[in-house]
Amino acid sequence: MKYSQKIETLKLSVNGDETGQLIALESNKAVVPFDIKRVYYIYDTTPGTVRGHHAHKKLKQLLVATSGSCTIVCDDGKEKREFILDWPNKALYVEGMIWRDMKNFSKGAVLMVLASEYYDENDYIRDYNVFLKELKNIKK
Ligand code: T46
């Protein structure tokens, strides 16, 4: 299997006026580069917790902290980069073989994730050494 790997920060456009703000996300336009098959959100996290500790074989995801803030640590096998999501108009696109951790959840943080596939545990790589080994199959 050939894997892909991509990380991109995106600024979402806001429809705002004096009554409030609204952000719309749509499959294959309005920045989401895939058909949205699943939406999940992480909230009520334990203070100091670190989640993630895995990569995906093919999943594409768009992450937005719709409330509060958190840090996403992305590791492509060569370097680790940290992205702070701290505003509803900031999104992080993560595709495929990126090892990710989520940490520094603020009180009340809600991390919303749009995903390109239904939940499938077989798409996860939860062993870092297996992740490093599989990286040789990255599409060039
Ligand atoms: C990811 C990061 C950003 C389901 O039943 N359905 C789902 O769609 C998901 C995502 C999870 N689950 C179950 C599986 C576990 O029993 O919920 C439990 C917690 O999942 P996990 O430990 O994988 O959660 P995180 O926060 O470590 O990772 C999640 C996503 O799983 C993952 O795809 O990229 O958020």
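Residues numbered from 1 in each chain as written. Predicted model: local features only at pLDDT ≥ 70, side-chain atom pairs only at ≥ 80, totals over all residues. Heavy atoms only, no water.

Considering the pairing of strand β11 (residues 90–96)
At step 1: For β11, the tally of buried residues reaches six of seven residues, placing the bulk of the element in the interior.
At step 2: Note that strand β1 (residues 5–11) and β11 share seven bridges and pair antiparallel. Looking at the pairing, Lys6 lines up with Glu95 of β11.
At step 3: When strand β8 (residues 60–67) meets β11, the two strands line up antiparallel, connected through five bridges. Bridging across to β11, Lys60 finds its partner in Glu95. (Buried < 20%, exposed > 50% of the residue type's maximum accessible area, 1.4 Å probe, protein only. Helix = DSSP H or I, 4+ residues; strand = E, 2+ residues; numbered from the N terminus. Pairing = 2+ DSSP bridges.)

Looking at the sheet that holds β11
At step 1: Across the sheet, which stays open at both edges, the five strands sit in the order β1-β11-β8-β13-β6 with antiparallel pairing between neighbours. Two strands lie at the open edges of the sheet, namely β1 and β6 (38–43), each paired on one side alone. Ignoring strand direction, the axes of neighbouring strands in this sheet form an average angle of 20°. (Axes fitted to C-alpha atoms, helices over the stretch in contact; angles between N-to-C directions.)

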